[in-house]
Amino acid sequence: MAEKEVVETSEAQIAVHWQEEGYYYPSTEFIAQANMTDKGIYERFSLDNFPNCYKEYADLLDWYEYWDEILDTSDAPCYKWFKGGKINASYNCIDRHLKNNKNKTAIHFVPEPLEEGYQHITYQELYVRVNEFAALLKDFAGLKRGDRVTLHMPMVPELPVTMLACARLGVIHSQVFGGFSGTACADRIVDSGSNVLITMDAYYRSGGLIDHRQNADIAVEHAEKAGQKVDKVLVWQRYPGKYSAKKPMVEGRDFFVNDLLKNYYGARVEPEKMNAEDPLFLMYTSGTTGKPKGCQHGTGGYLAYVTGTSKYVQDIHPEDVYWCMADIGWITGHSYIVYGPLANCASTVIYEGVPTYPDAGRSWRIAQDLDVNIFHTAPTAIRALRKIGPDEPAKYNYHFKHMTTVGEPIEPEVWKWYHKEVGKGEAIIVDTWWQTETGGFLCSTLPAITPMKPGSAGPGMPGIHPIIYDDEGNVLPQGAGKAGNICIQNPWPGMFQTIWGDRDRFVDTYFARYCKDPNSKDWRDWPYLTGDAAVEAEDGYFRILGRIDDVINVSGHRLGTKEIESAALVVQEVAEAAVVPVNHEIKGKEPDLYIALKPGFDASDELAKKISDAICEEIGKIAKPRKVWIVKDMPKTRSGKIMRRVLGALSNKRDVGDVMTLANPEIVEEIREMVQK
Ligand code: ATP
Ligand code: MG
């Protein structure tokens, strides 16, 4: 990227820059304390220095045996990082911190019921709990290195304890988002070939205690019908000895962990010396575009990448209190609640429930009480908090030095609210663009080095070299002003190793499109296709426009859905916007616009027109929506992403297909009635 001078100033200020949004700069206070202030990092991680540059990340970890080959490409595009190295993730996240930091809080747990109070788990306590549970898994459940185990757990400290116990034994964990149904869990049990399911009896959400264990019965039944036997279901108890599931446990199959643990008090388990390339976990993609893919992540490469990016992008220091609001059931939670922060010896916050219950101030109260100074969330949560309590943050006494947004493109309007109200104009923001597949960040600014630009993720991370191709495979150069398919030219340590059990799908989905030679063992011949559309500005910043399939081609003009949605969000009444293409005989496609309003506003033809006019004004007549549909709510995935695929099907009168991963399936019929009447 082009070298840009960072103007150091204690006030966030805007420098105007061509057609893009202006830059925002970090304060001198932030820069003075940042982990990474050396601008030379981009040069050190240039393509010329690839792959040796990644030694710097590997050296953040403790190895039993140091690796001897940094990148083995003999089975490209299935790569092996840090070959010959022996390492354990649980050791790196816990044991190595005990010498100097055993009494430091590793995990702050915020239960939903206020009267339960906060729990603070030290590194020493985490060590004890992980060891005891690892002993149970080994001895009682008979799990060993290389076995897969499915976890279907809510947001409680027992979840990282379980993950780290698996990692200690070299057992491959596959956590299924706790809010998923038993059948969704079953699909993942079958795909991963797990014989053991670990779950919890209940958890709190929005004021109710949810009976969760019943999902295990459904999951096991469906899995067994599909030919996958589940021998044991291990059930953690939310309140040991108090609450237990309404349905009886299945004799000989279901066991309460808390009862069994009594046999393992004081047990210690030596961490397995894993090969760097042994799988650490499986994580299924969110399912926004179709059937989830089981991404297989390795041990040494993955851990090095999330440790390095947590340190340099999240700017985590051991003395920080870091709160990432994602669910551990998604990759964000694995990389940036559990593995990255704990490997950096931070205090990481886990909270139960939702940010908006019991009231709109909950997040800011937690931040105040725990003195959180690094905050990490998604545009969907930011929009929700802006919708229901735009003035809430000001009522609480907390100070963030750093904030992250991840998961979807963020509209500049929303970015600015996040910056001004949540960050109180003080916190820097990183907009991190990445995927389940990629393990860690692909594009982002480095907080003390590269200035922020609302709506743009930023340049490629050091060592990540994005490239934009058009459909014919021509490279769209920096500043071309055209959207194309964003790919990454090189592999990196955090990248997934394959799709579990399906190498062909891995190659077809992510590499076949721009592969230069299918027999090549050279990484240069295998650009990684992310599936997203993006524009690269003149300054080397990437703006993600949504998925390739979401780009709308109107009379030969490529319009990013996100651009139109951002224009709609300028209208004060609008809380959320989603654009989908509708087939048109002449123009090819036309945009249909779906809108959800902030509370207190009602749908009307005037308002629809006002929104449509705003888009014509911001972008031009070419983007004028065919129709503005004001709906009660958007169909969303469990991770809060708007399912444009479903809206697109409704607008085009097609079958909506699989809505299994939807959080609110009932809304589909409501919208259908409106759109197809
Ligand atoms: P599936 O692959 O199953 O359809 P998914 O792509 O939603 O689901 P994830 O891996 O959770 O599953 O999400 C990654 C995608 O989220 C990216 O490809 C991109 O479209 C979007 N995304 C993530 N972070 C950002 C960001 N900061 N800016 C823009 N888009 C983002
Ligand atoms: Mg995806």
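So, here is what we can say about the structure in this document. Because the structure is predicted, anything quoted here is derived from the model rather than measured.

**Points about the packing of helix α11 (residues 300-312) against helix α12 (residues 331-343)**
Then, number 1: Contact geometry for α11 and α12: axes closest at 8 Å, N-to-C directions at 85°. By the angle between their directions, the pair α11 and α12 is classed as roughly perpendicular. Only His334, Ser335, Tyr336, Tyr339, Gly340, Pro341 and Ala343 of α12 make contact with α11, whose side of the interface consists of Tyr302, Leu303, Val306, Thr307, Thr309 and Ser310.
Then, number 2: A per-class count over the contact of α11 with α12 returns 7 nonpolar, 6 polar and no charged.

**Focus on the environment of proline 292**
Then, number 1: For proline 292, the position within the fold is in the loop between β14 (279-284) and β15 (294-298).
Then, number 2: For proline 292 and arginine 188, which are 104 residues apart along the polypeptide, the C-alpha to C-alpha distance reads 9.1 Å.
Then, number 3: Discounting chain neighbours no more than four positions away, the residues touching proline 292 are Arg188, Tyr284, Thr285, Gly287 and Arg505.

**Brief notes about the side chain of threonine 450**
Then, number 1: Structurally, the position occupied by threonine 450 is in the loop between β20 (428-432) and β21 (466-469).
Then, number 2: Owing to a relative accessible area of 3%, threonine 450 belongs among the buried residues under this scheme.
Then, number 3: A distance of 3.4 Å separates a polar atom in the side chain of threonine 450 from a polar atom in the side chain of tyrosine 42.
Then, number 4: Separated by 2.6 Å, the side chain of threonine 450 and the backbone nitrogen of leucine 446 make a polar contact.

**Structural notes on the packing of aromatic side chains**
Then, number 1: Evaluation of the coordinates by the stated rule reveals 47 aromatic pairs.
Then, number 2: On the numbers, 6.2 Å between centres and 65° between planes, the contact of tyrosine 54 with tyrosine 305 is edge-to-face. With a gap of 251 residues between them, tyrosine 54 in the loop between α2 (41-44) and α3 (55-58) and tyrosine 305 in helix α11 connect regions that are remote in the sequence. In this structure, tyrosine 54 and tyrosine 305 share a single accessibility class: buried.
Then, number 3: With a centroid separation of 5.9 Å and 90° between ring planes, the pair formed by tyrosine 302 and tyrosine 339 is classed as edge-to-face. Remark: tyrosine 339 occurs in helix α12 and tyrosine 302 occurs in helix α11; sequence separation between them is 37 residues.
Then, number 4: The exposure class of tyrosine 339 is buried, given its relative accessible area of 0%.
Then, number 5: Grouped by ring-pair contacts, the aromatic residues Phe45, Phe50, Tyr54, Tyr57, Trp63, Tyr66, Trp67, Trp81, Phe82, Tyr305, Tyr312 and Trp523 constitute a single cluster.
Then, number 6: Positioned above the aromatic ring of tyrosine 239 is the side chain of arginine 238, whose terminal nitrogen or guanidinium carbon lies 4.8 Å from the ring centre.
Then, number 7: One cation-aromatic arrangement involves lysine 424 over tyrosine 398; the distance from NZ or CZ to the ring centre is 3.9 Å.

Conventions we followed
What you see as residue numbers is a count from 1 along each chain, following the sequence as written. Whichever chain is written first becomes A and whichever ligand is written first becomes 1, with later ones labelled in order. The model is predicted, so local features are restricted to residues of pLDDT at least 70 and side-chain atom pairs to those at 80 or more, both for listing and for counting; the totals for chains, interfaces and linings are taken over all residues. To get the side-chain values, take all heavy atoms of the structure and skip hydrogens and water. Note on geometry: axes are lines fitted to C-alpha atoms, helical ones only across the stretch in contact, with angles between N-to-C directions running from 0 to 180 degrees. Helix and strand assignments come from DSSP, with helices taken as H or I runs of at least 4 residues and strands as E runs of at least 2, each series counted from the N terminus. Small angles under 35 degrees read as roughly parallel and large ones over 145 as roughly antiparallel, with 65 to 115 read as roughly perpendicular and the rest as oblique. Note on definitions: a residue-residue contact is assigned when non-hydrogen atoms from the two residues lie within 4.5 Å. When residues are sorted by character, Ala, Val, Leu, Ile, Met, Phe, Trp, Tyr, Cys and Pro go into the nonpolar class, Asp, Glu, Lys and Arg into the charged class, and all the rest, Gly among them, into the polar class. Relative accessible area decides the class of each residue, using a 1.4 Å probe on protein chains only: under 20% of the type maximum gives buried, over 50% gives exposed, and in between gives partly exposed. In protein, a polar contact means a hydrogen-donor-capable atom and an acceptor-capable atom, both N or O and within 3.5 Å, with residues adjacent in sequence counting only if both atoms are side-chain atoms; elsewhere, any N or O pair within 3.5 Å suffices. Pairing of aromatic side chains here covers Phe, Tyr and the six-membered ring of Trp, requires ring centres within 6.5 Å, and sorts the geometry by plane angle: under 30 degrees stacked, over 60 edge-to-face, intermediate tilted. Geometrically, a charge over a ring is one whose NZ (Lys) or CZ (Arg) sits within 6 Å of the ring centre while staying within 35 degrees of the ring normal.

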